[in-house]
Amino acid sequence: MRAVTIETFGEPKDVLTTAERPLPEPGAGEVRVELILAPIHNHDLAIVRGVYGYKPPLPAIPGTEGVGRIDALGPGVTGLTVGQRITVSGAQNVWAEYFVVKAGQVVPVPDEVSDETAAQLLAMPLSALMLLEDLGVAEGEWIAINAANGAVGRLVNVLARQRGVNVLNLVRGPKSVQALRAAGFEPVFDTEAEGWRDAAVAATSGAPIVRAVDQVGGGAASDAMALLAPKGELISFGALSGQPMTLSPGDVIFKQAVVKGFWGSKRIEETSAEDRRRLIGELVTAAAQGVLRLDAEATYPLDAAADAAVATESPGRSAKVMLAPRV
């Protein structure tokens, strides 16, 4: 089979290649999946660079999420059938024509859910849903999130609305503002525009912003902290800037603010099977009803994974870049 591979950690454009690999055989309790579509996540590229929370042994096949059809069942697998369309997250070796995963990880998807939505239904949406639950905000309260034009920001908007939670969106650049407004996500503010902070504070009509989610790091974390109400919480969800968080001690001290991190993979590990089923069921239902729709910016063949990685990190993108066995 054809697979995307890395022989060494480094910049994705330099180290992502394709090669022939043996067809994997499912072991006990496993299934083999024929890939249809796989998204490129920021954490996938962090793994390729060797800067994520774990490093796979080399050579490695990247990729952690995708939609496909079950191609073979390992011994002892019940309740699944060959040919069934499923989605999976938290897997390994997904950027290949075929990959093997534990049967307990797969989630069947109804026909009403598109391949584009199914391919990215679990990792980011499940993290966003768990994040919202962990924020502990009540209906009518306000949260703020930066990098709001990205996948997580858009998901937080959709899922927060389902719960009656208000979201103040922070982005960089007028194009990102226009894109979010076109999607109906208001209010949204360009943090590079003069007077944006006063306008953002005014948008809540005096209601406190009780939680702020920082996906950027660097000075953007300080901007998010500045909006936070006393005794609020700043949650570090990512570091898109690649820079350490820069926070004013005065804001932290005098607001008596709490700063903490959120790592979706670890949070999922610590979630009970019952809770995980409940949350995934909510996502699948929302997708089947058309409430949750996840599009693709572009789709590249596996042989062009390096180009797809560059496109993923290019500015102005409004949806995920995908990989497919053939395009």
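Quantities reported herein were computed from a predicted structural model and do not represent experimental measurements. (Residues numbered from 1 in each chain as written. Predicted model: local features only at pLDDT ≥ 70, side-chain atom pairs only at ≥ 80, totals over all residues. Heavy atoms only, no water.)

Right, let's talk about the domain arrangement of the protein chain for a bit. Domain annotation for the protein chain reports domain 1 (2-121 + 294-324) and domain 2 (124-266). Listed as interface residues are ten residues of domain 1 and, on the opposing side, nine residues of domain 2. Considered class by class, the residues forming the side of domain 1 that touches domain 2 number three nonpolar, six polar and one charged. (Domains from an automatic or database assignment. Contact = heavy atoms within 4.5 Å. Nonpolar A, V, L, I, M, F, W, Y, C, P; charged D, E, K, R; others polar.)

Before going further, it helps to spend a moment on the packing of aromatic side chains. Summed over all chains, the structure comprises three aromatic pairs. With 6.0 Å between their ring centres and 75° between their planes, Y52 and Y54 make a pair best called edge-to-face. A relative accessible area of 33% means that Y54 is categorised as partly exposed. Judged by relative accessible area, Y52 falls into the partly exposed class, the value being 23%. (Phe/Tyr/Trp six-rings, centres within 6.5 Å; stacked < 30°, edge-to-face > 60°. Buried < 20%, exposed > 50% of the residue type's maximum accessible area, 1.4 Å probe, protein only.)

The element strand β5 (residues 85-89) is extensively covered by neighbouring structure, given that five of its five residues are classed as buried. One ladder, built from two bridges, connects β5 with strand β7 (residues 107-108); its direction is antiparallel. Along β7, the bridge assignment pairs T87 with V107. (Helix = DSSP H or I, 4+ residues; strand = E, 2+ residues; numbered from the N terminus. Pairing = 2+ DSSP bridges.)

Let us look at the pattern of salt bridges. Between side chains of opposite charge, pairing is possible as soon as their charged atoms come close. Scanning all chains against the criterion turns up 20 salt bridges. Of the charged contacts, one joins D115 and R85 as a salt bridge, the two residues approaching to 2.7 Å between their closest N and O atoms. Pair noted here: D115 is in helix α3 (residues 115-119) and R85 is in strand β5, with a separation of 30 residues, a long-range link. Using a relative accessible area of 26% as the deciding quantity, one classes D115 as partly exposed. Note that R163 is salt-bridged to E282, the shortest N-O span being 2.6 Å. You can see R163 sitting in the loop between α5 (151-162) and β9 (166-171) and its partner E282 sitting in helix α11 (residues 273-288), a full 119 residues away along the chain. Taking relative accessible area as the criterion, R163 reaches 26% and is therefore assigned partly exposed. Linked by salt bridges that have partners in common, R2, E20 and D303 make up one network. (Salt bridge = Lys/Arg side-chain N within 4 Å of Asp/Glu carboxyl O.)

We now examine the sheet that holds strand β12 (residues 233-236). Taken in spatial order, the six strands make up an open sheet running β10-β9-β8-β11-β12-β13, and their pairing is parallel. Edge positions in the sheet fall to β10 (188-190) and β13 (258-261), since each of these pairs with one other strand and no more. Pairwise comparison of adjacent strand axes, ignoring direction, gives a mean angle of 20° for this sheet. This element, helix α4 (residues 123-135), spans β8 (142-146), β11 (209-214) and β12 of the sheet and lies at about 145° to β11. (Axes fitted to C-alpha atoms, helices over the stretch in contact; angles between N-to-C directions.)

Let's shift gears to the nonpolar core. L121, L131, L135, I143 and V156 are the most contacted members of the largest nonpolar core, which has 50 residues in total. Counting residues per element, this core draws most heavily on α4, which supplies nine residues. Composition of this core by domain shows at least three residues from each of domain 1 (2-121 + 294-324) and domain 2 (124-266). Judged by nonpolar contacts, the second largest core, of 32 residues, contains I6, V48, V88 and V321. (Core = buried A, V, L, I, M, F, W, Y, C linked by side-chain atoms within 4.5 Å.)

L58 connects to P59 through a cis peptide bond whose omega is -5°. For P59, the location among the structural elements is in the loop between α2 (42-49) and β4 (65-73). Geometrically, the link from E186 to P187 is a cis peptide bond, its omega value of -5° lying close to zero. Its identity as a non-glycine residue notwithstanding, N93 has a phi of 65°, on the positive side. Counting through the fold element by element, N93 comes out in the loop between β5 and β6 (98-102).

Here strand β3 (residues 30-39) pairs with β4 via six bridges, running antiparallel. Each residue of the ladder has a partner; that of R32, found in β4, is A72. The sheet contact formed by β4 and β5 spans five bridges and is antiparallel. Residue pairing across strands places G68 opposite I86, the latter belonging to β5.

Here the focus is the packing of α4 against α11. Viewed as axis vectors pointing N to C, α4 and α11 meet at an angle of 120°, and their least axial separation amounts to 10 Å. Where α4 crosses over α11, the handedness of that crossing is right-handed. Packed against α4, whose contacting residues are P125, L126, L129, M130 and E133, the element α11 presents R278, L279, I280, E282 and L283 at the interface. Its residues assigned to classes, the contact of α4 with α11 shows seven nonpolar, no polar and three charged. (Left-handed = near helix turned anticlockwise from the far one by under 90°.)

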